[in-house]
Amino acid sequence: MIRLDGKIASQSVKQSLKIEVDNLLAAGKRPPHLAAVLVGSNGASETYVASKVKTCEALGFASTLIRLPENISQDELVSKVQELNRNEEIDGILVQLPLPKHINESAIIEAIDASKDVDGFHPISAGRLTLGLPTFIPATPYGIQLMLEHFQISTSGKHAVVIGRSNIVGRPMSILLSQNHAYGNATVTVCHSKTPNLEEICKSADILVAALGKPGFVKKDMVKPGAVVIDVGITRMDDSAHPKGYKIVGDVDFDEVAPISSAITPVPGGVGLMTIAGLMKNTLLAYQNRTTAS
Ligand code: GUN
């Protein structure tokens, strides 16, 4: 069984990004600049945004963190995003999700200039991805692809089953896996809450991607021996034994499933680290598109 270690794979991606940024700086150019918008103080969002900003610093990217109050109106948030769109110094914009209930997430995502949409959530980015055109690939599916590439896990001709159809992970992952490129060319089944025979379908997967957000959902009897298992789950569970008061739990019962899989991502230390690597690659791409555009 290969442990698909996100630390190792993300280090390798980040190392090459750092070299690219060092070269830019050595040539007297400015670094790529990511703006992260955090509304309110959701604990998990705080943690994710902090690691995004920290990774920017480590790689030599510039970053700006914009903290906005929980009760900001939708119009005010749209104005803030438009201001970032106009800011020539900023290459990538991300608005951390989820947003407070009174704000329509689609309206905010659509307000982001598609050329700065490093999350790949804008309809233009999603449409281009679907058509196989160059675009920003949402960071988690992109990170999973980078992980497969790092460990040279072939997907061509395999049956890939994706559990979950979210716009952020499941849907774009299923599109990427089915497309005609390296680390694509799989036959893909997307499962969701209305899928009958879910266990049976999962059991027929050569590659199983669990992205439904239910801790420990995937059990041993749902996995074909020798399958590659990608766990996207990152649920916080109360745990008084842990110094932080919680632990991060994946969608896969790792202890049960790992012994029968050929390769598996741990949680934590798997896909989560790759998501940030994907975001950083998108930010460099946004910079390159903007600075080399005529
Ligand atoms: N919330 C959960 N995942 C993500 C992500 O990849 N980007 C943003 N902006 N918010 C998220």
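Higher on the page you've got the structure.
Below is a short write-up of the structure. (Residues numbered from 1 in each chain as written. Predicted model: local features only at pLDDT ≥ 70, side-chain atom pairs only at ≥ 80, totals over all residues. Heavy atoms only, no water.)

Attention now moves to the sheet that holds strand β3 (residues 62-68). Read from one edge of the open sheet, 3 strands run β3-β2-β4, paired in parallel fashion. The sheet is open, and its two borders are formed by β3 and β4 (92-95), each paired with just one other strand. Neighbour-to-neighbour, the strand axes of this sheet turn through a mean angle of 15°, independent of strand direction. (Pairing = 2+ DSSP bridges. Helix = DSSP H or I, 4+ residues; strand = E, 2+ residues; numbered from the N terminus. Axes fitted to C-alpha atoms, helices over the stretch in contact; angles between N-to-C directions.)

Across the sheet, 6 strands lie side by side as β1-β11-β8-β7-β5-β6; this open sheet has parallel pairing. On the outer flanks of this sheet lie β1 (2-3) and β6 (187-191), each paired with one strand and no other. Relative to strand β7 (residues 207-210), strand β5 (residues 159-163) runs parallel, the two sharing 4 bridges. Within the sheet, the bridge partner assigned to A160 lies in β7 and is I207. In this fold helix α7 (residues 170-178) packs onto β5, β6 and β7, with an angle of close to 170° to the strand it touches most, β5. (Contact = heavy atoms within 4.5 Å.)

Right, let's talk about helix α6 (residues 139-150) for a bit. Between the first and last C-alpha of α6 there are 16 Å, a value that for 12 residues agrees with the 16 Å anticipated at 1.5 Å per step. In terms of burial, α6 is a largely internal element, 10 of the 12 residues being buried. If you check which residues of α6 are buried, you get A139, T140, P141, Y142, G143, I144, Q145, L146, M147 and L148. Residues of α6 that are buried sit in contact with α1 (6-26), α7, β7, β8 (228-231) and α10 (271-292). (Expected span 1.5 Å × (residues − 1). Buried < 20%, exposed > 50% of the residue type's maximum accessible area, 1.4 Å probe, protein only.)

The next subject is a negative patch on the surface. A contiguous patch of negative charge, built from E199, D221, D255 and E256, is present on the exposed surface. With respect to the secondary-structure elements, E199 resides in helix α8 (residues 198-203). (Patch = residues over 30% accessible without salt bridge, like charges linked within 9 Å, V, L, I, M, F, W, Y side chains within 5 Å. Areas by Shrake-Rupley, 256 points an atom, 1.4 Å probe, with all protein chains shown as cover. Salt bridge = Lys/Arg side-chain N within 4 Å of Asp/Glu carboxyl O. Lys, Arg positive; Asp, Glu negative; His and termini not counted. Charge placed at Lys NZ, Arg CZ, Asp CG, Glu CD.)

Around the ligand, a shell composed of K52, L94, V95, Q96, L97, D119 and F121 is seen. Here Q96 contributes a side-chain N or O atom positioned 3.4 Å from a nitrogen atom of the ligand. At 2.6 Å, a side-chain N or O of D119 approaches a nitrogen atom of the ligand. The protein chains hide 83% of the 280 Å² of surface that the ligand would expose on its own. Its residues assigned to classes, the shell around the ligand comprises 4 nonpolar, 1 polar and 2 charged. (Near = heavy atom within 4 Å. Polar contact = N/O pair within 3.5 Å; in protein donor to acceptor, adjacent residues only side chain to side chain. Nonpolar A, V, L, I, M, F, W, Y, C, P; charged D, E, K, R; others polar.)

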